[in-house]
Amino acid sequence: MLYPIDSETREVKELSGIWEFQLDPDDAGLKERWFEQPRLPGEILPMPVPASYNDITTEARVRDHIGPVWYRRAFFAPAGWRGRRVALRVGAAAHRAIVWINGREICRHKGGFLPFEGEAHTALNFGADNVIVVRVDNILDWTTLPPGEVVAQTGKPPYPEGYKAQLSYHDFYNYSGIHRPVRLVVTPHGGIEDITVRHELDAAGGAHVRVRVTQGSERCRISLIDTEGVTCASAGGNDVVLKIANPRLWAPGAPYLYNLKVETFAENGAPVDVYHLPTGIRTVGVTDSQFLINGKPFYFKGFGKHEDSDVRGKGLDEVINQRDFYLLKWINANSFRTSHYPYAEEIMRMADREGIAVIDEVPAVGLYFFNDEDLPVKSVFVPGRAGDGLRAHHADCVREMIARDKNHACVVMWSLGNETATHEDAGYEQFKNVAGLARELDPTRPLTIVEYNFPWFTKVAGLVDVISFNRYFGWYMDTASLEVIELKLKNEIEAWRRGWAKPLLITEYGADTIAGYHALPSRMFSEEFQVDFLDAYHRVFDQYPFIIGGHPWCFADFQTKQGITRFGGNKKGVFTRQREPKAAAHYLRKYWKNK
Ligand code: GCB
């Protein structure tokens, strides 16, 4: 799925700004056909798009709303768009959305973290005002990712009339609304639908860039243009291999992006469409103990992150995003994981430009029940929980994520899930299916599944190229006992290695830390404890050549649902939610400098 851009033949109109907004607590809007009424009912709340709606107003009924909400705004469609294809494209809406233009349904979608679009030109009034209405439903159930359940009581009765609670099993706030830009994308009819780029390097250092274009005709010209504007290679056809003798490669810390220009023509030779795709040439691969980028060993230094910031929640925030890339470089990081869902396309484009490697993760999170022993307790992959509906949605997310992100040089690995019930036979079957699907859709990138299960429980390690696991010895297990970390971690690492000769990545380890709280000797929640904790892990990692990196949890503090273990959210950030460093940030900066 192509990112919307302006070009010689394309035009994008962004519908960001303040929209009209209304809650629909009784789910009356569809029955009452709010999508074709002259206004939304009741007292309208002004609401920015893109943003989560939860933290903008001063009202708990908005923040804690469970169910559908409605957005509405007018926009002008210029007369010059007549005769062209106009798509309405939503970057992401959490978690189910339906879009109408002038009362006509344009598209609907499930999944809060990936884009969707529909054809809008048949519904538009050109040279006139138009109205767009979007219904967004934030309910998590056993067919969504992450999953959840809405219940009428959470303990012993009595409960007030109409009480309901959204249960879920993952650790980030269920921010809701239109999180990423809504755009009208104007293109020629029969224009370029999709482009797939794959790279190979030959022994002499030359690159073979294979480009496939999907569109109405086979008449294409495909050119690779360097940053000076020089065309390095060019070919006619919709499935070509461009050969470059001395390519400038893309690498973490040294990004180089060519402009891949695709032009299409009608049968009579008249130009139809032009698309420009920023393209980094690089290869990725694994051995039994290394992760390779352009044939060289790569050590992952970075974080699991979240899209999360004050006031706007999970809404696209270019200011915070750019700050995060400055911080990643300052701290000598080279990578992050899109824990626990695909991030905005704007972030992926930034990572391409900034030279940061990304592990791209689907929202298969919250598929595990924990107990005090951290042993699996209740089955997850059973009918009524992760049954057919959820499994099909998991596959859809893999499909949509790869379709969206396959051309990003920054994406070096796909993650098919985080902390799921990989010990269950049906869990294994599910991951076998989605791993097969991912390999079929993209044979070029390694796969991982982020584990919470210990090596002696998991059934899926044979399916992946890189073994990734999250571990909290000294925090959730053996709380406060830093002295157990070394022995327990070594025991586990060696068990993984005995089981599978594959590179090992530690995708989470961390301790909640209150910025400004100090203790000597260190105590839990102090800045000193976070440093001691991370350092204990690193002393172990450094002993094993097949460990290919460590991503402390987490980049920055983030919002979670309210609960007795979360004071104002999860505080395992190395940076605060406002993106200021805790002591651990200075520690990591030094540790990673020469790593
Ligand atoms: C984990 C999860 C992450 C949580 C983290 C924590 O294992 O993958 O989503 O936020 O632990 O802090 O509990």
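Residues numbered from 1 in each chain as written. Predicted model: local features only at pLDDT ≥ 70, side-chain atom pairs only at ≥ 80, totals over all residues. Heavy atoms only, no water.

Novice: Summarise the pattern of salt bridges; cite the residues concerned and give the values.
Specialist: Summed over all chains, the structure comprises 40 salt bridges. The salt bridge partner of Glu267 is Arg219, with a shortest N-O separation of 4.0 Å. Highlighted residues: Glu267 in the loop between β20 (258-265) and β21 (271-279) and Arg219 in the loop between β16 (207-214) and β17 (220-225), separated in sequence by 48 residues. Put simply, Asp405 and Arg404 hold a salt bridge, and the shortest N to O gap is 2.8 Å. Given a relative accessible area of 0%, Asp405 falls into the buried group. When its relative accessible area of 5% is taken as the criterion, Arg404 is described as buried. The network of salt bridges with common partners includes Glu14, Arg183 and Glu346. (Salt bridge = Lys/Arg side-chain N within 4 Å of Asp/Glu carboxyl O. Helix = DSSP H or I, 4+ residues; strand = E, 2+ residues; numbered from the N terminus. Buried < 20%, exposed > 50% of the residue type's maximum accessible area, 1.4 Å probe, protein only.)

Novice: Please provide a residue-by-residue account of the domain arrangement of the protein, values included.
Specialist: Domain boundaries in the protein define domain 1 (11-138 + 174-186), domain 2 (192-282) and domain 3 (299-593). A straight line from the C-alpha centre of domain 1 to that of domain 3 covers 32 Å. Counting residues at the interface gives 19 residues for domain 1 and 23 residues for domain 3. Taking both partners together, domain 1 and domain 3 bury about 1600 Å²; carbon and sulfur atoms supply 56% of that area. (Domains from an automatic or database assignment. Contact = heavy atoms within 4.5 Å. Buried area = accessible area lost by both parts, 1.4 Å probe.)

Novice: Residue-level account of the site of the ligand, with values.
Specialist: In the vicinity of the ligand, 13 residues are found, and the nearest of them are Asp171, His340, Glu419, Tyr476 and Lys572. Between the ligand and the protein, one listed contact pairs an oxygen atom with a side-chain N or O atom of Glu419 at 2.3 Å. The contact in question runs from an oxygen atom of the ligand to an N or O atom on the side chain of Tyr472, over 3.3 Å. Computed on the free molecule, the ligand has an accessible area of 320 Å², of which 93% lies beneath the protein chains in the complex. The residue makeup of the shell around the ligand, split by class, is four nonpolar, four polar and five charged. (Near = heavy atom within 4 Å. Polar contact = N/O pair within 3.5 Å; in protein donor to acceptor, adjacent residues only side chain to side chain. Areas by Shrake-Rupley, 256 points an atom, 1.4 Å probe, with all protein chains shown as cover. Nonpolar A, V, L, I, M, F, W, Y, C, P; charged D, E, K, R; others polar.)

Novice: A description of the packing of helix α6 (residues 485-499) against helix α7 (residues 527-541) should follow, citing residues and the corresponding values.
Specialist: Two measures define how a pair of helices packs: the angle their axes make with one another and the distance between the axes. Here α6 crosses α7 at 40°, and the two axes come no closer than 9 Å. Here α7 runs oblique to α6, going by the angle between their axes. α6 and α7 meet at a crossing whose hand is right-handed. In this structure, α6 contributes Ile485, Glu486, Leu489, Lys490 and Ile493 to the contact, and α7 contributes Phe533, Ala536, Tyr537, Val540 and Phe541. When its residues are assigned to classes, the contact of α6 with α7 shows eight nonpolar, no polar and two charged. (Axes fitted to C-alpha atoms, helices over the stretch in contact; angles between N-to-C directions. Parallel < 35°, antiparallel > 145°, perpendicular 65-115°, else oblique. Left-handed = near helix turned anticlockwise from the far one by under 90°.)

Novice: Account for the state of the cysteines, with residues named and values stated.
Specialist: With the rule as written, the count across this model stands at zero disulfides. Just so you know, Cys107 is unpaired, no disulfide at all, and the nearest cysteine sulfur is the one on Cys397, 17 Å from it. Since its relative accessible area comes to 7%, Cys107 is described here as buried. Cys410 supplies the cysteine sulfur nearest to Cys554, a cysteine that is in no disulfide, at a spacing of 18 Å. The exposure class of Cys554 is buried, given its relative accessible area of 0%. (Disulfide = S-S within 2.5 Å.)

Novice: Now, about the sheet that holds strand β22 (residues 284-286): what can you tell me, with residues and values included?
Specialist: In spatial order, the strands read β22-β23-β24; together these three strands make up an open sheet with antiparallel pairing. Strands with a single pairing partner mark the edges of an open sheet, and in this sheet they are β22 and β24 (296-297). (Pairing = 2+ DSSP bridges.)

Novice: Give a description of helix α5 (residues 425-441) that names residues and reports values.
Specialist: Given 3.6 residues per turn, any residue in an α-helix points the same way as the ones three and four places further on. In a regular helix each residue adds 1.5 Å, so 17 residues correspond to 24 Å; α5 covers 24 Å between its end C-alpha atoms and thus fits that length. Looking only at α5, the buried set comprises Gly427, Gln430, Phe431, Val434, Ala435, Leu437 and Ala438. One face of α5 carries all of its buried residues, which in axial projection span an arc of 160°. Across α5 from its buried face, at more than 90 degrees, point the exposed residues Asp425 and Glu440. Of the surrounding secondary structure, the elements contacted by the buried residues of α5 are α4 (388-405), β28 (411-418) and β29 (447-451). (Expected span 1.5 Å × (residues − 1). Arc of directions from axis to C-beta.)

Novice: Run through the pairing of strand β19 (residues 239-244), naming residues and quoting values.
Specialist: Going residue by residue along β19, you find Val240, Leu242 and Ile244 tucked away on one face and Asp239, Val241 and Lys243 left uncovered on the opposite face. Both β16 and β19 contribute to a ladder of six bridges, which runs antiparallel. Each bridged residue has a counterpart across the sheet, and for Val209 the counterpart in β19 is Leu242.

Novice: I'd like to hear about the pairing of strand β10 (residues 128-137), residue by residue, with values.
Specialist: Counted residue by residue, β10 has seven buried out of ten residues, so it is predominantly covered. For strand β4 (residues 68-77) and β10, the ladder comprises ten bridges, and the chain directions are antiparallel. If you follow Pro68 over to β10, its bridge partner there is Asp137. Pairing of strand β7 (residues 96-101) with β10, which is carried by six bridges, proceeds in the antiparallel orientation. What sits directly across from Trp100, in β10, is Val133.

Novice: Describe the environment of Phe300, listing the residues and the values that go with them.
Specialist: Counting through the fold element by element, Phe300 comes out in strand β25 (residues 300-304). As for Phe300 and His551, which are separated by 251 residues in sequence, their C-alpha atoms are 7.2 Å apart. Beyond its immediate sequence surroundings of up to four residues, Phe300 is in contact with Phe291, Asn334, Ser335, Ile359, Val412, Leu505, Ile548, Gly549, Gly550 and His551.

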